[in-house]
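Analysis of the macromolecular model
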Amino acid sequence: MSVYDIDEERLLIGRAVEYIKHSFFEHFTRFEPRTLIICGSGLGGVVDKVASNPQPLSISYEKIPGFKASTVAGHQGKLVFGYMQGSPVVLMCGRLHYYEGHAPHETVFPIRVLNELGCVKNLIVTNACGSVNPNYRDGDLMCLNDHINMPGLAGQHPLRGPNFEEYGSRFQALSDAYDLEFRKLLFAKRSQLGMDRPLHEGVYTYVSGPTFETRAEARMIRLFGGDVVGMSTVPEVIVARHCGIKVLALSLITNQVVTEPPASALDANPIPISRGKATHEEVLEAGFLASVDVERLIEAVVSEL
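Residues numbered from 1 in each chain as written. Predicted model: local features only at pLDDT ≥ 70, side-chain atom pairs only at ≥ 80, totals over all residues. Heavy atoms only, no water.

1. Points about the UniProt feature "binding site: a purine D-ribonucleoside" (unreviewed entry) in the protein
The condition that has to hold: UniProt positions are given in the numbering used here, feature names are shortened, and annotations may be inferred rather than shown by experiment. The helix and strand labels rest on DSSP assignments: H or I over at least four residues marks a helix, E over at least two residues marks a strand, and numbering proceeds from the N terminus. Remark: exposure states derive from per-residue accessible area (1.4 Å probe, protein chains only) relative to the maximum for the residue type, with buried under 20%, exposed over 50%, and partly exposed in between. Contacts were defined at the residue level, with two residues in contact if any of their heavy atoms lie within 4.5 Å.
When the UniProt feature table is mapped to this numbering, "binding site: a purine D-ribonucleoside" (unreviewed entry) covers Glu-213 and Asn-255. Taken together, the annotated residues stretch across 43 residues yet fold into one region, lying no more than 12.0 Å apart by C-alpha. Along the chain, Glu-213 turns up in the loop between strand S7 (199–206) and helix H6 (215–224). Under the relative-accessibility criterion, Glu-213 is labelled buried at 17%. The contact partners of Glu-213, leaving out residues within four places of it in the chain, are Val-207, Ala-218, Ile-221, Val-229 and Val-257. With respect to the element layout, Asn-255 can be found in strand S9 (residues 246–256).

This is how it looks when you write it as structure tokens:
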């Protein structure tokens, strides 16, 4: 498995930053986004919370040097720069996944570029996920307080390769990956908004995908201490922390992962093996139904940043 050439990577990052800053100069008098928001599957509606005055700036990934195109339904593949509740923000409307064929360092390239702008201090990342915790229900939200990086433990790690010493240590600590004050703020804002939708706090398990988990894999994840499972977020969090960016992560639970063993072929009346099978369509549908609450929460948090 090959890794990147760090000098070439720095050159690509520099070219991308130059392109973005040039776009700023043509659009804004002055703009320094403090917060990066990553919109997960079906949650791109957060962009509607960006103020229309001044008009936000939208840049397609395909136009930015070094960026890869997003190929997944529900991911628009663009950066949006503007103001939310008076605070300057940048939104990644769509992310890059390892399962699309991108190398780990390519999936986090946008994080490094936006960090290099020198003004991004906060990351709010959202995702859609399945639940292995029996106490969670479809449409619930979960604030991440920890994660399990399955591909990373097996060697597919976004920090593998030459280290960017100018950003962080070769051996990045992740015991504080999810900022406590950020998490407190999220729960406080939910209370202030009088929101009925349940908001849990728990552990996100990152898997590479693109297949959904087997029943045995789901039981293993639950045994390991995971509450939910998904195919994103963790690489972005790792690189953001490596860059010194504070992180708040929010998961939307779209389905209950099937954990019961399949019925025996010898059963006289077996339960249909397809019962509970996950689909990407239900992920997008659940995202649509819960998106209003997600948008309200993110807007409320950003108002304090």
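So that's the structure; there's more coming.
2. Notes on the environment of Asn-145
Examined against the element boundaries, Asn-145 turns out to sit in strand S6 (residues 141–149). For Asn-145, a relative accessible area of 30% puts it in the partly exposed group. When the C-alpha positions of Asn-145 and Leu-250 are compared, they lie 9.7 Å apart, and in sequence the two are 105 residues distant. In contact with Asn-145, not counting residues within four places along its chain, are Tyr-178, Arg-183, Glu-201, Gly-202 and Val-203.

3. Details of the pattern of salt bridges
It is possible for side chains bearing opposite charge to pair when their charged atoms get close. Stated formally: Salt-bridge detection follows one rule: a side-chain nitrogen of Lys or Arg within 4 Å of a carboxyl oxygen of Asp or Glu.
Overall, the coordinates contain twelve salt bridges when judged by the stated rule. With a closest N to O distance of 3.7 Å, Glu-106 and Lys-68 form a salt bridge. Pair noted here: Glu-106 is in helix H2 (residues 104–107) and Lys-68 is in the loop between strand S2 (57–60) and strand S3 (78–84), with a separation of 38 residues, a long-range link. Taking relative accessible area as the criterion, Glu-106 reaches 22% and is therefore assigned partly exposed. Here Arg-197 ties to Asp-293 by a salt bridge, and the two come within 2.8 Å at their closest N and O atoms. Taken together, the residues Arg-197 in the loop between helix H5 (180–193) and S7 and Asp-293 in helix H8 (residues 280–302) connect sequence positions 96 residues apart. With a relative accessible area of 14%, Asp-293 lands in the buried category.

4. Quick notes on the packing of aromatic side chains
Heads up, the condition is: Any pair of Phe, Tyr and Trp rings, taking the six-membered ring for Trp, is counted once the centres come within 6.5 Å. Such a pair is stacked with planes under 30 degrees apart, edge-to-face with planes over 60 apart, and tilted for the rest.
With the rule as written, the count across this model stands at ten aromatic pairs. Measuring from ring centre to ring centre gives 6.3 Å for Phe-24 and Phe-28, while their planes differ by 75°; the resulting arrangement is edge-to-face. Taking relative accessible area as the criterion, Phe-28 reaches 8% and is therefore assigned buried. The structure contains a cluster of three or more aromatic residues connected by ring pairs, namely Phe-24, Phe-28, Phe-31, Phe-81 and Tyr-83.

5. What about empty space enclosed by the protein?
Rule in force here: The rule is simple: put a 1 Å grid over the protein atoms alone, call a set of points where a 1.4 Å probe fits but cannot get out a cavity, call an open set with protein on both sides within 12 Å along at least five of seven lines a pocket, and count a residue as lining if it has an atom within 4 Å of a point. Grid points are joined across faces, edges and corners, and a volume is the space filled by probe spheres set on the points. Classification used: nonpolar for Ala, Val, Leu, Ile, Met, Phe, Trp, Tyr, Cys and Pro, charged for Asp, Glu, Lys and Arg, polar for all others including Gly.
One pass over the full model with this rule turns up two cavities of 30 Å³ or more. Put simply, the largest cavity is a space of about 120 Å³. If you trace the largest cavity, you find 15 residues lining it, with Leu-96, Tyr-98, Thr-107, Tyr-206 and Pro-235 closest to the centre. Listed by contribution, the elements that provide at least two residues to the lining of the largest cavity are H2 and helix H7 (234–242). Its residues placed into classes, the lining of the largest cavity shows eight nonpolar, five polar and two charged. Taken as a whole, the second largest cavity spans an internal volume of roughly 30 Å³. As for the second largest cavity, its lining consists of Tyr-4, Glu-9, His-105, Val-108, Arg-112, Pro-158 and Phe-164. Grouping the amino acids of the lining of the second largest cavity by side-chain chemistry returns four nonpolar, one polar and two charged.

6. Describing the pairing of S7
Put simply, side chains in a regular strand alternate between the two faces of the sheet. For clarity, the threshold we go by: Each pair of strands is called paired provided DSSP finds at least two bridges between the two strands.
Within S7, seven of the eight residues are buried, which leaves it mostly tucked inside the rest of the structure. Note that S6 and S7 share eight bridges and pair parallel. Its bridge partner being in S7, Met-142 is matched across the sheet by His-200. Inspection of the sheet shows S7 paired to strand S8 (residues 228–230) by three bridges, in the parallel sense. Directly across from Tyr-204, in S8, lies its bridge partner Val-228.

7. A closer look at the environment of Gly-168
Tracing the sequence through the fold places Gly-168 in the loop between helix H4 (150–153) and H5. For Gly-168, the contacting residues outside a window of four places in its chain are Asn-163 and His-242.

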